[in-house]
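# Overview (structure and organization)
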Amino acid sequence: EAGVAQSPRYKIIEKRQSVAFWCNPISGHATLYWYQQILGQGPKLLIQFQNNGVVDDSQLPKDRFSAERLKGVDSTLKIQPAKLEDSAVYLCASSIGPGDTQYFGPGTRLTVL
Amino acid sequence: GESVGLHLPTLSVQEGDNSIINCAYSNSASDYFIWYKQESGKGPQFIIDIRSNMDKRQGQRVTVLLNKTVKHLSLQIAATQPGDSAVYFCAENMDRAAGNKLTFGGGTRVLVKP
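Owing to the predicted nature of the structure, the values given are computational and were not obtained by experimental measurement. (Residues numbered from 1 in each chain as written. Chains lettered and ligands numbered in written order. Predicted model: local features only at pLDDT ≥ 70, side-chain atom pairs only at ≥ 80, totals over all residues. Heavy atoms only, no water.)

So, on to the pairing of strand β6 (residues 53-56) of chain A. Residue and element names in this part refer to chain A. Both strand β5 (residues 44-50) and β6 contribute to a ladder of three bridges, which runs antiparallel. Bridge assignment links Phe49 to a residue of β6, and that residue is Val54. Hairpin connection from β5 to β6: two residues lie between these consecutive antiparallel strands, with Asn51 at a positive phi of about 55°. (Pairing = 2+ DSSP bridges. Helix = DSSP H or I, 4+ residues; strand = E, 2+ residues; numbered from the N terminus.)

Below, the structure is given as structure tokens:
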């Protein structure tokens, strides 16, 4: 069974630029999550989707971050404009449902210069 | 706010010995706990989980212990192997009924010495 796919794996941008990350969850997984993992820390939930609806975006900095999952499968996370403190690994995870085990993708390492 | 934390940031273990990774949590309402392993350049990988109505759960070479009295969680790895070298995170589910929101601790790095 294929795991969670993410792209790109690495991205380097300058501050104030925009960037987008893509995630393809495990087939059949209705719940999708985006996490931010700053170096040396555990992942922090940014947003959770159930199918194409947002369940929790309480920790998403909505002035610069946005995410969508229009067809309930793939998802994109965008940062516009990026700040230095956004440098982190952005992890996507999926689960069959809200109470099930979360499986993580390899992440996208973002460096903001 | 309440959060999950770890006592030791780095643990060096001789190959073949047992490893014990500790984690403290502060939210007494948490009812579900998970251990993840994260290797360099990879996403966290599920190892084992435990519900709050259990004290112990065993998997293949791993055992998770939960002490709700002192709000302590531990992961034991038997006969540690070089492939066990990674960062280990505990995570708690603070509101599983509302949708499986996980809060992760800071992680412990395990280094296996040959």
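Now for the packing of aromatic side chains. Scanning the model with the defined rule gives 11 aromatic pairs over all chains in all. Between Tyr35 of chain A and Phe104 of chain B, the ring centres sit 5.8 Å apart and the planes meet at 85°, which makes this aromatic pair edge-to-face. On the criterion of chain membership, the pair formed by Tyr35 of chain A in strand β4 (residues 31-37) and Phe104 of chain B in strand β10 (residues 102-104) is interchain, its members lying in two chains. By the burial criterion, Tyr35 of chain A is buried, and Phe104 of chain B matches it. Three or more aromatic residues joined by ring pairs make a cluster, and in this case those are Tyr33, Tyr35 and Phe104 of chain A together with Tyr36, Phe46, Phe89 and Phe104 of chain B. (Phe/Tyr/Trp six-rings, centres within 6.5 Å; stacked < 30°, edge-to-face > 60°. Buried < 20%, exposed > 50% of the residue type's maximum accessible area, 1.4 Å probe, protein only.)

The next point concerns the interface of chain B and chain A. Facing the 19 residues of chain B at the interface are 23 residues of chain A. Between the two partners, chain B and chain A, sit one salt bridge. Among the ionic pairs, Asp56 of chain A bridges to Lys101 of chain B, the shortest N-O distance being 3.5 Å. Taken together, the links from chain B to chain A amount to three residue pairs in polar contact (both at pLDDT 80 or more). Secondary structure elements with two or more residues in the side of chain B that touches chain A: β4 (32-38), β5 (45-51) and β10 of chain B. If one sorts the elements of the side of chain B that touches chain A by residue count, β4 of chain B sits on top with three residues. The class makeup of the residues in the side of chain B that touches chain A is eight nonpolar, seven polar and four charged. (Contact = heavy atoms within 4.5 Å. Salt bridge = Lys/Arg side-chain N within 4 Å of Asp/Glu carboxyl O. Polar contact = N/O pair within 3.5 Å; in protein donor to acceptor, adjacent residues only side chain to side chain. Nonpolar A, V, L, I, M, F, W, Y, C, P; charged D, E, K, R; others polar.)

Here the focus is the sheet that holds strand β1 (residues 5-7) of chain A. Residue and element names in this part refer to chain A. Read across the sheet, four strands follow the order β1-β3-β8-β7 without closing on themselves; strand pairing throughout is antiparallel. Two strands in the sheet have a free side with no partner beyond their single neighbour: β1 and β7 (65-68). Averaged over all neighbouring strand pairs, the angle between strand axes comes to 15°, with direction disregarded. With five bridges connecting them, strand β3 (residues 19-24) and strand β8 (residues 75-79) associate as antiparallel partners. From the neighbouring strand, Trp22 faces β8, where its bridge partner is Thr76. (Axes fitted to C-alpha atoms, helices over the stretch in contact; angles between N-to-C directions.)

For the rest of this paragraph, the subject is the confidence of the model for chain B. Chain-level statistics for chain B give a pLDDT mean of 88 and a share of 88% at 70 or above. Across residues 1-8 of chain B the pLDDT falls below 50, and counting only partners more than four positions away or on other chains, this stretch makes 34 contacts in the model. (pLDDT = per-residue confidence, 0-100.)

To continue, consider the pattern of salt bridges. All names here are of chain A. Throughout the structure, instances matching the rule amount to seven salt bridges over all chains. Put simply, Asp57 and Lys62 hold a salt bridge, and the shortest N to O gap is 3.7 Å. Among the residues examined, Asp57 registers a relative accessible area of 26% and is labelled partly exposed.

All names here are of chain B. Inspection of the secondary structure assignment puts Asn67 in strand β7 (residues 62-67). What makes Asn67 partly exposed here is its relative accessible area of 34%. With 43 residues separating them along the chain, Asn67 and Ala24 place their C-alpha atoms 9.7 Å apart. Once you skip the residues sitting within four places of it in the chain, Asn67 turns out to touch Tyr25 and His72. Reaching out from Asn67, the side chain makes a polar contact with the backbone nitrogen of Val70 at a distance of 3.3 Å.

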